[in-house]
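# A closer look at the structure
Each chain, letter by letter, is given below.
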Number of protein chains: 6
Amino acid sequence: MVERDLYAPSAATLAGDNADIYFRRSCDILAAEQLNPVVAMEVFARRRARVCGLREAQALLRQVLGQEAEVWSLDEGDWIEPREVALRIRAPYRQFGLYETALLGMLSSETGWATAAAECVAAADGVPIISFGARHTHPEVSARMEYAAIVGGCAGCATPQGAALAGIEATGTMPHALILCLGDTLEAAEAFDRHIDAKVERIALVDTFKDEAEESLRVAAALGEKLWGVRLDTPSERGRVTAELVAEVRVRLDQAGHSHVKIAVSGGLDAERIGYFRAAGAPVDAFGVGSAISAAAPIDFTADIKEVAGRPVAKRGRIPGLTENPRLKRVEL
Amino acid sequence: MVERDLYAPSAATLAGDNADIYFRRSCDILAAEQLNPVVAMEVFARRRARVCGLREAQALLRQVLGQEAEVWSLDEGDWIEPREVALRIRAPYRQFGLYETALLGMLSSETGWATAAAECVAAADGVPIISFGARHTHPEVSARMEYAAIVGGCAGCATPQGAALAGIEATGTMPHALILCLGDTLEAAEAFDRHIDAKVERIALVDTFKDEAEESLRVAAALGEKLWGVRLDTPSERGRVTAELVAEVRVRLDQAGHSHVKIAVSGGLDAERIGYFRAAGAPVDAFGVGSAISAAAPIDFTADIKEVAGRPVAKRGRIPGLTENPRLKRVEL
Amino acid sequence: MVERDLYAPSAATLAGDNADIYFRRSCDILAAEQLNPVVAMEVFARRRARVCGLREAQALLRQVLGQEAEVWSLDEGDWIEPREVALRIRAPYRQFGLYETALLGMLSSETGWATAAAECVAAADGVPIISFGARHTHPEVSARMEYAAIVGGCAGCATPQGAALAGIEATGTMPHALILCLGDTLEAAEAFDRHIDAKVERIALVDTFKDEAEESLRVAAALGEKLWGVRLDTPSERGRVTAELVAEVRVRLDQAGHSHVKIAVSGGLDAERIGYFRAAGAPVDAFGVGSAISAAAPIDFTADIKEVAGRPVAKRGRIPGLTENPRLKRVEL
Amino acid sequence: MVERDLYAPSAATLAGDNADIYFRRSCDILAAEQLNPVVAMEVFARRRARVCGLREAQALLRQVLGQEAEVWSLDEGDWIEPREVALRIRAPYRQFGLYETALLGMLSSETGWATAAAECVAAADGVPIISFGARHTHPEVSARMEYAAIVGGCAGCATPQGAALAGIEATGTMPHALILCLGDTLEAAEAFDRHIDAKVERIALVDTFKDEAEESLRVAAALGEKLWGVRLDTPSERGRVTAELVAEVRVRLDQAGHSHVKIAVSGGLDAERIGYFRAAGAPVDAFGVGSAISAAAPIDFTADIKEVAGRPVAKRGRIPGLTENPRLKRVEL
Amino acid sequence: MVERDLYAPSAATLAGDNADIYFRRSCDILAAEQLNPVVAMEVFARRRARVCGLREAQALLRQVLGQEAEVWSLDEGDWIEPREVALRIRAPYRQFGLYETALLGMLSSETGWATAAAECVAAADGVPIISFGARHTHPEVSARMEYAAIVGGCAGCATPQGAALAGIEATGTMPHALILCLGDTLEAAEAFDRHIDAKVERIALVDTFKDEAEESLRVAAALGEKLWGVRLDTPSERGRVTAELVAEVRVRLDQAGHSHVKIAVSGGLDAERIGYFRAAGAPVDAFGVGSAISAAAPIDFTADIKEVAGRPVAKRGRIPGLTENPRLKRVEL
Amino acid sequence: MVERDLYAPSAATLAGDNADIYFRRSCDILAAEQLNPVVAMEVFARRRARVCGLREAQALLRQVLGQEAEVWSLDEGDWIEPREVALRIRAPYRQFGLYETALLGMLSSETGWATAAAECVAAADGVPIISFGARHTHPEVSARMEYAAIVGGCAGCATPQGAALAGIEATGTMPHALILCLGDTLEAAEAFDRHIDAKVERIALVDTFKDEAEESLRVAAALGEKLWGVRLDTPSERGRVTAELVAEVRVRLDQAGHSHVKIAVSGGLDAERIGYFRAAGAPVDAFGVGSAISAAAPIDFTADIKEVAGRPVAKRGRIPGLTENPRLKRVEL
C-alpha cells in the first residue's frame, strides 16, 4: 500500500484547485476591501440520510481554521433529518470560504453512499453485505465509497485502500477471469487453495462454465471442509440468481453432506432484490452489492451563511440566524 | 494550481491499492502456477452512452503493458451502442489483470457524467450550459466530472482543476456568500467590478435580498455597459425560476434600456426543466447545471475475457470469441 | 345598499319566467282537463352534501302554496346523505308544479357552494376562511354564493350584499389596483390608515412591487401596532405562496419585534392546498378562498312525485311511495 | 314575462352592493387623496375559451364611464387564446374601479357555460343540442346560462326568460310529472295533443312506466303523423340510454311504419357521452344537455392595471404596459 | 340419459390417443431397453386453488396400475397451497407414464372451474348460486364443468349429465326461446305451469318483451302462490340488472302482496359483480353464473419425477426427492 | 387409435343429456300445446374472432334437422366481426331447440382456442408453432383443442387424436421423464435414436441436468447429422429461456460445426413472449405453445330467435328480424 494519511486533504484541495472559482474571487474581493467578517455557516441536507464525510471535512477544517474559530458537528454515521444542521462553522470568512465546494462535495458523495448502504443493510436484516462496487467508481474515490459503505453498515469491502480507510481487511472470492484463464472452475478452486494463505476463506464462484448446482457439488466434493462457501452470480442472460436457485443449491449441498458450505449471492442486487430473497426465505449467507451502493446519487448538502458579524442574516427563502440543534457537538480543532 | 499530469494514474492506482483484492490474488495464483496466458479482454456497456474515460484508461495501460500488447479503442466522446465494444486489450493477463477495477471505474463514472451532460446540452438546443456541480462531488474526482461534462458538450465549468483538464478557463459569477458578507447585492456587484480583472465577465446574482426584477434593474442602472448579465437562482421556497420570471425580467430590462444585459438561469435544472424553458420560449442566455450532471449514476462497464491463448472462450451467458467492431482503432502504446 | 328582501323570490321567478316551459304547459293541460291532483313530491341529491337553499325555497313555497298544503324540510346547513329526502311537498300539483325548476336550482347551486366551503373549512382545521370568489361569479347570484359559503362554515365574505344575506359585515384588505394607483405598497397602506374608519382592520397586501418579506417589514415598521396583518398573494409566476414563505415572513416579523402582525394567505387555495399549509405547520392566521368555493359545481337535486291522490306511484327506476326520513320537520306556511 | 331589459345591470350591481368591499374603500381613499388617475385595465383568461358576457359587461360600462373613456373588446362568442386580452378599459379609475367584481363575474360565469356548450356542440357534430340545465342553476342566473349556451352553439333552451335573452322561442317536451299525474304515457301524449297549440312539436317521453320500445310504438300508433318524436331519458337504475337502445327503437318504429318519428336523447349527457352515441352511429335526432353545461365551472378572468397616467406599470409577475391584440375593436360608449 | 360410468376413463383415454405422443415413444424406448424403473411422481399447482379432478384421476389410475403401486392423494375439493403436492404416484414408470397428459388435463381443467366457482360462492356469502355455463363449454366436457362447480360450492347446475355426475337434480327456469315462440311472457308462464311436473319450481323470466317490474307484477298476479320466483336477466343493451332494479322489483312485488315471490338474477355475473349486489344490499334470492365459472382458465398442474429406483432425483430447478405433505392420504387401488 | 368419426356428435349430445334442462322442458311444453313454429335462429359472438366449431355443429344439425330446414353458415376458420351472424338455422323449433346448449358450446370453446392460436401465429411471423397444451385440457376435449389450434394456424400438435382430427401427424420431442428415468440427457438421446423410427425427427431436450449450452454441444457431438435440433425449456427457477440464451446456443453450436442443428423453444410462451423473441432477433426455429392456446377463454356465442312463423321478432335489446350477412353460405343437409 502507498503510504498516506487517507483522511487528510490532498494538496489540490488545500490549494483550492477544485473550488468553484467564484469563491476564490470572493475572497480576493473581500481582501481588497480589507474585510474578513466572522460568519456562521450551517450545512444541511434536504432529505433523511445517514451522514458521512464529516471525518474528512473536520480534517480539512483543522488545517485551515485559526484558534478563534468554532466548529460544531454531528457524529459520522448519524441519521439526519431533513434540513437538520449537520455541521456549523463560525470563523472569519476568508479562513474557509474557499473550501465550501470541497466540504459540500465530501459530505454529498459520502452521505449518498452511506445512506444507500444502510438501506441495503436494513433489507438484508442481519445477513452480512459485502460492498464491491469499486469497479463502477472512479479509482480516485473508490476508497471513500467503500469507507462510506462500511459506515452505512456493510460488513466488508473489496479494495485494500478502502478497507484501510475503514480499518478492516479487504474481502474477496475469485473473479471469472481466473477461471477463464485456468479453463475450469474446479481447477481454479484447487489452485486458489494451493497458493493462497490459509487464513483467507475459500469461496468458489460456480457459474462460469456449468450449471451452478452441478458446479457447487463438484467443488464441495473436491475441497471438503476447506471450502467456506460458493458464490452464485448467474448473469441476466441466464436469468440472474433466484430464490429458488439458492434453495435448490442448499438442498443439493445438504443432500450430499456439505451442510457447512455457505452460499453467497451477487449480481444486480439492491435493497428491493435483497428484500425479495429475504421474503422468500432463501438461505443466503452473504450478499455482495455493487452499483446499488456505488452508483447511489450524492445527497446534496447546502451551506447557508446565517450570521455575519454577530447579526442574523439569510438570503431570501431562508430563516435568518442560527438553527437550533442540540445534537451538535463542539469539535476540537 | 498544484502541478501534476492529470491524466496519469495516481500512485495508489498503479500500486493496485484500489483494485478488488481478488485480482491481486488471481495474479499471485497464476504466478505460482507459472502461467501468464495471452488473453483478449473486451469492455462494453449495456446502454447507449457518450463514452468518456478512455483517455485516462489509455494513459494507465501505456504505463503497464509491454510491447507485445495490443489495445483497440473508440474515441473519447463517441456515442456507443448497447454492448458495443469500446475497448479491447490483448496482452499477457498478469500485465493488466490487476487494473480491471480501475479501468472500469474510470469509464463508468466519466461516461455517466458525459452522457448526462449530453442530454442537457441536447435539451438546451444551442443555449450554452455551464457545469457547476463540483460542490456535490467528492473533491478528489470533481475535476474528472467537469472534464466529462465538457466532453459531453458543456461550454464551461467552475473549478480551475476541471477547466485545466478540459483545456479551458474556469467560469464563475458570484456566490450568495459574497453578497451576504457585503450586505447588499449592488455593493457586491460594484466591489466585484472594482477588484476583479476586467477580462472576467460581470454577472450579478440577483435573488439574495430583494425581488429579482427589482434587483436586476438596480444593478443594470449602476454598472451600465460593464454588466454582462444577471443570474436568476430563485430558491424553491420562492418558487424557483420560472419561464414567466425570465420573460418579465427581460422586458423590464429592455424597457429600462438594458437590452445588452444577458440572463443566466440556475437552480435545480435538468434536461426536462431546460426543455421547459426552451419550449416556453423563455429568453435564457445561459444555463447553469449542477446535480443533473454531477449526480448522474455511473454507466456500468463490463470486461469480458473472450480469448485465452488464441482460443475463443466466454463465461456462460456470453458469446465466445471476439466481437466485431469496425469502429475500433488501434492505440499506440 | 339597495333595499330588498333578499330571501324573497324575484318577480321573474314568481311569474315562472325561468321555469322550464314544459312545466307551464303541463299545468295548462291539467287545467284544461280540469284536474289538480294532490301529489307528494320528494327532493333529494345523490351525494353527501351540506344542504343550502332551503331557506329561499321555503320563502317561495310560502308565497304560492295554499292552506291545505304540507311542507316538510331539513334545516339549512344540515349534512344530507345520498338520496336522503331534504324537502317534501304535498299539495295540489298546479299550486307548485311551475316552480320545480326554481326550487331545484336554488338547492343545487347553494348546496354546491356550501359543501365546497365546508370542505375547505374542514381542511383549515380552525383557521378562519374568508370567501372572496364574487369576482368569478355572476353578480346576480354572488350574494347567494357568499351566503352559502357562510352556511358552509366560512368566517367572512367580501361583498356587502352577500354579508347582509348572511347577517354579518363584509371583509376586505386592499386590492393590487390601489397600490398600482398610488405607486407604492407603503404609501397605499398609509393612505388606507389615514382615511378608513378605524374599526376596519389594516391588512397590507405585500406582493405588488417588492419581495414579500421585505415589504412586510417596511409596512410593519411604518404602521406599528395599527397593522393587523399582511396578506401574501404571490402570483404563480413568482411561485405562489409556499409554506416556507409564510414561515420565513413570520420569523422575520418576529425578529423585528412585530409578533402581533398576523399573516393572511390567498391565491389559488382549495381544500388540498389549505391542507398542505396545515400539514407543514405554516403559521397562517387566515385563508382567503375564491374559486374553490365559487366555482364549485352545483350538486344536482332531483324531484320525484311519489304519491298521486293518495296512491304510491313512481316512475321506473324509483321506489313508489314516500321515503321515510324521521329528520324532516314540518314547515310552517 | 316580466318586462325588463335583460342586458342592463341590476340596481344592486349599479350600486356596487355585489362589489368586493375593498374596491369601494379604494375609491374612497383615492377620493380622499383627491386622486383619480387615468388607468388602462386589461382583462384576460388563462385558458382557451369561448368568450361570453362581453355584451352585458359593455352595457354596464356604458352606464358608468364618461366621455373620455375608451373601451376595446372582442366580439361575444369569439374563441380566445390563453392570456389574450378580451377587454381593455382606459378611464379615470374611480369611474369603474367599483365594478371590477361584477365585470369579471359576468365574464367568468358566462364564458364557462358557453365554452362547455361549445364542447358538447362539437361532439354532437351537427345533431342539434337543447340546453335544459336551468333546474340545476340558481333561478336568478338561469337565463344567463341559457343565453350563454346559445352563444356556445346550442339550438334551443328551456325557459322563456333564457330564450328571450337569446332571441329565440323556448323548447320543451313533457315532464315525468305530467305522466305521473295522468297515470299513463299515452294518455299524457293525447292530452298534450288536445290542448297545446298545434305549432308546438309533440314529443312524447317514453320511459316512465313501460319499456321504451313498447311505449314508443304505442304513442306512435296513437298520434300518427302528429307525433314529432319520442324522448328517451332512461334512468341510471335502468342502465341509462344506450346506443343500442336508440338503434332498436329506431328499427322498431321503422318496422311499424313510423319512420317520420324522431328520437331525442337526454339523461346525464356530456361531450364524452355524446361522442359515444355519435361514434356508435346511433340514430339520434336531438340531444338534451343539462349539467354538462349548467354546472360548468366558471372560467376565471383576471383584470390587470397595465398603465397609470400614461406610464406602463404592472404588479410583480406581469409584464408592464399594454399587451398587443389586433383583434380588439373599439366599443362605442 | 345415456348410461355410462361418468368417472371412468373413456376408451380413447385408456388407449392413450389423447396422450402427448412423446410419452408413448418414451415407454417404447424404455421397453426396448428392457427398463421399467419404479419412479415416484408428484403433482402440484403453482397457485392456491380448490383442487378438483382427483376422483376421475384415481379412477384412471385404478384401471392401469398394478398391485405394487402406491397412490397418495388429497381429497376432492380441498384447498391447496402453491406447490403443495396434491397427488403422488409410485409405480413402475411404464404402468402410467402414458397417462401424464390425461391426469394433468383432468386436474387442470376441473380445478380451474372449481376454484372460480368457489370465488363466486364466497362473494355470494350465503346466497345460492346456480351454474349454467354449459352453453359456453364444449358438450363433451360440460358435465365435468358442472360437477366441478358443485365441488366448488354451487347449489345447482343446468344439465342432466352434469347433475348426475354431482349426484343432484338439474335446475332450470325458462329460456327466452319459449317466450318468443309463445309470444308473451305470461302465456309462457301459464303454459309452463299447465304442463310441467308440479315438483319443478315455477320461475318466470321477465325481461323479454316488457319492463321487468311490469312483467313481474303481471306474472305474480296470474300465478299467485304457485309462482316460486322471477328471473331478471336484463341484457346489456338495456343496462344489465342493477341493484336498484332488484330493490324496486322487490318493493313493487311486496306492495302488490307478492312477498313470497323470490328474485333470481343472471347475466354476466362474476365474483366482483356478485359482490356489488351483496354490498348494495340488493334482495337477491339466487344468482345464476355462466362464463365466470365455465370460462375460467385451467389451473396448470405439473408432474415431477422425484425418485427413480429409490434414489432422489429432479430436473434442474426442482428439489430432488419427495416433498413432505402430511395431508396426503393413501388411496386404495 | 380407437376408431370413431370424430366430428359426429356423441350419444350423450344426441340424447340431450348435456342440454340445459329448460330446453327439454320448453320442447315438452310446446309439444303439449301442439305447437312447433318454424323459427329462424341466428348465432353470433361479440368480439372479433377466428370462428371454429362450425364443422362439428353442422355435423350435429345434419343428424337432427328435417328436409324442410335451412342452415346458412360461414366457413370454418373465417375471421368474424363483432355481432356478425356466423350460423343461421330456420326449422321447426322442436327439431333443434334441444341442441342450443351443445351448438353454442362447440362454437364457444373451439373459437376461443383457434383465436388464441391465431394470435400466437401472428406474433411468430413465419416461425412454426407446435401446440402442446393437451396436458392442461381435459382429455375428453383435448383433441378438439388441438384441431382448433391447427385451424388457427399452428403447424403441429402433440396427441394422435388431435392430429387425426386435423388430418396431420402428431409431433413430439422427448419428455423430462425419459431423461430422468435414463439418468442422462445424452443417453436418452442415443436411446431415442436407437429405437424410434428414423422418420421421426431427433430433437433433444437439453435443460434437465446441465447447462443448456453445454448439453447442446454434447448431444450434437454424439448424434451428428442425425440430430434435427435441440429444445430449450429452461424452468422459471433458472430464469426461463431468454433471447440471449438462444443466441448463445446458436453461436456455440455454429462454432463447433453444428450449423444444421435447429433450436426449438418452449416454456410459458404466449403471443407477447413470442413477440419478444422475434423483436430481439433470436434465432428460434420453432416455438412450442401450451396454455396460451389451451387455456384461452371460450369466446361466447349467443343464439337469438329473430323470426317466428315468418314474422320478425326479438327480445328486448335486439333488433327484430334477420340480420343481413352476404358472407353466409347455404349448407347442404
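Residues numbered from 1 in each chain as written. Chains lettered and ligands numbered in written order. Predicted model: local features only at pLDDT ≥ 70, side-chain atom pairs only at ≥ 80, totals over all residues. Heavy atoms only, no water.

## Points about the overall build of chain A
Note the threshold: Secondary structure elements follow DSSP: runs of H or I of four or more residues count as helices, runs of E of two or more count as strands, with numbering from the N terminus. Using a 1.4 Å probe on the protein chains alone, a residue whose accessible area is under 20% of its type maximum counts as buried, one over 50% counts as exposed, and one in between counts as partly exposed. Whether two residues touch is decided by their heavy atoms; if any such pair falls within 4.5 Å, the residues are in contact. Positive charges come from Lys and Arg, negative ones from Asp and Glu, while His and the chain ends are left out of the count. Charged groups are reduced to one reference atom each: NZ for lysine, CZ for arginine, CG for aspartic acid, CD for glutamic acid.
A count of helical and extended segments in chain A gives 13 helices and 14 strands. For the C-alpha atoms alone, the extent of chain A along its principal axes is close to 80 × 40 × 35 Å. Classification of the 333 residues of chain A by burial places 65% in the buried group. Counting contacts in chain A only where the partners sit at least 6 residues apart, residues at least 24 apart contribute 72% of the total. Side chains of chain A give 37 positive and 47 negative charges; the mean places of these two sets differ by 5 Å.

## Some words on the interface of chain B and chain A
Rule in force here: What counts as buried area is the accessible surface, traced by a 1.4 Å probe, that two parts surrender upon association, with contributions from both included. What makes a salt bridge here is a side-chain nitrogen of Lys or Arg within 4 Å of a carboxyl oxygen of Asp or Glu, nothing more. The classification used treats Ala, Val, Leu, Ile, Met, Phe, Trp, Tyr, Cys and Pro as nonpolar, Asp, Glu, Lys and Arg as charged, and all other residues, Gly among them, as polar.
The interface is formed by 95 residues belonging to chain B together with 95 residues belonging to chain A. Around 8000 Å² of area is buried between chain B and chain A when both sides are counted, 60% of it from carbon and sulfur atoms. Taken as a group, B:Arg135, B:His138 and B:Arg316 account for 11% of the area that chain B buries against chain A, more than any other trio of residues on that side. Inspection of the chain B/chain A interface yields 12 salt bridges. Measuring nitrogen to oxygen at the nearest pair gives 2.8 Å for the salt bridge that ties B:Arg194 to A:Glu33. Taken together, the residues of the side of chain B that touches chain A sort by class into 47 nonpolar, 25 polar and 23 charged.

## Considering the domain arrangement of chain A
When the parts of a complex come together, some accessible area is lost, and that lost area is often taken as the interface size. All names here are of chain A. Stated formally: Domains are outlined according to an automatic or database domain assignment.
Here chain A is partitioned into domain 1 (3–111 + 297–330) and domain 2 (125–294). Distance between the C-alpha centres of domain 1 and domain 2: 39 Å. Across the contact, 12 residues belong to domain 1 and 8 residues belong to domain 2. Across the interface of domain 1 and domain 2, roughly 870 Å² is buried in total on both sides, 56% from carbon and sulfur atoms. Among the ionic pairs, Glu56 bridges to Arg144, the shortest N-O distance being 2.8 Å. Along the lines of polarity and charge, the residues of the side of domain 1 that touches domain 2 split into 5 nonpolar, 1 polar and 6 charged.

## Regarding the sheet that holds strand β11 (residues 286–289) of chain E
Residues and elements named next belong to chain E. Quick reminder of the rule: Two strands make a pair as long as DSSP finds a minimum of two bridges between them.
Pairing within the open sheet is parallel, and its 6 strands lie in the order β7-β6-β11-β10-β9-β8. Looking along the sheet, the strands with just one partner apiece sit at the ends: β7 (156–157) and β8 (202–205). In terms of strand pairing, strand β6 (residues 129–131) meets β11 through 3 bridges, oriented parallel. Bridged to Ile130 within β11 is Gly288.

## Notes on the environment of A:Glu146
Residue and element names in this part refer to chain A. Definition in use: Two N or O atoms form a polar contact when they lie within 3.5 Å of each other; inside protein one atom must be a possible hydrogen donor and the other a possible acceptor, and for residues adjacent in sequence the pair counts only when both atoms belong to side chains.
Considering the arrangement of structural elements, one finds Glu146 in helix α6 (residues 142–151). Once the C-alpha coordinates of Glu146 and Leu269 are considered, the two residues, 123 residues apart in sequence, prove to be 16 Å apart. Not counting the four nearest positions on each side in its chain, Glu146 is found in contact with Ser131, Ala134, Cys157, Ala158, Thr159, Gly162 and Ala163. Polar side-chain contacts of Glu146 include one of 3.1 Å to the backbone nitrogen of Ala158.

## Regarding the state of the cysteines
Keep this limit in mind: Any two cysteine sulfur atoms within 2.5 Å of one another count as a disulfide.
This model, assessed by the stated rule, comprises 0 disulfides over all chains. Looking at the unpaired D:Cys52, the closest cysteine sulfur is the one in D:Cys154, lying at 11 Å. For D:Cys52, a relative accessible area of 0% translates into the label buried. Looking at the unpaired E:Cys154, the closest cysteine sulfur is the one in E:Cys120, lying at 7.1 Å. With relative accessibility at 6%, the residue E:Cys154 sits in the buried group.

## Remarks on the pairing of β8(E)
All names here are of chain E. In plain terms, the rule: When the strands point away from the viewer and the connection leading from the first strand across the helix to the second strand turns clockwise, the crossover is called right-handed.
Side chains Arg202 and Ala204 project from β8 onto one buried face, and the interleaved Ile203 and Leu205 project onto a second face that is buried too. Here β8 pairs with strand β9 (residues 227–232) via 4 bridges, running parallel. Along β9, the bridge assignment pairs Ile203 with Gly229. In this view, the connection linking β8 to its parallel neighbour β9 by way of helix α10 (residues 212–223) has right-handed handedness.

## Topic: the relation of the copies chain B and chain A
Formally: We place the copies in one frame by least squares, fitting the C-alpha atoms of every residue whose pLDDT is at least 70 in both.
With an axial shift of 0.0 Å and an RMSD of 0.0 Å, the rotation relating chain B to chain A amounts to 180°. Classification of the inter-copy transformation places it as that of a two-fold axis. Residue by residue, 100% of the interface of chain B is reproduced at the interface of chain A, so both copies engage with the same surface.

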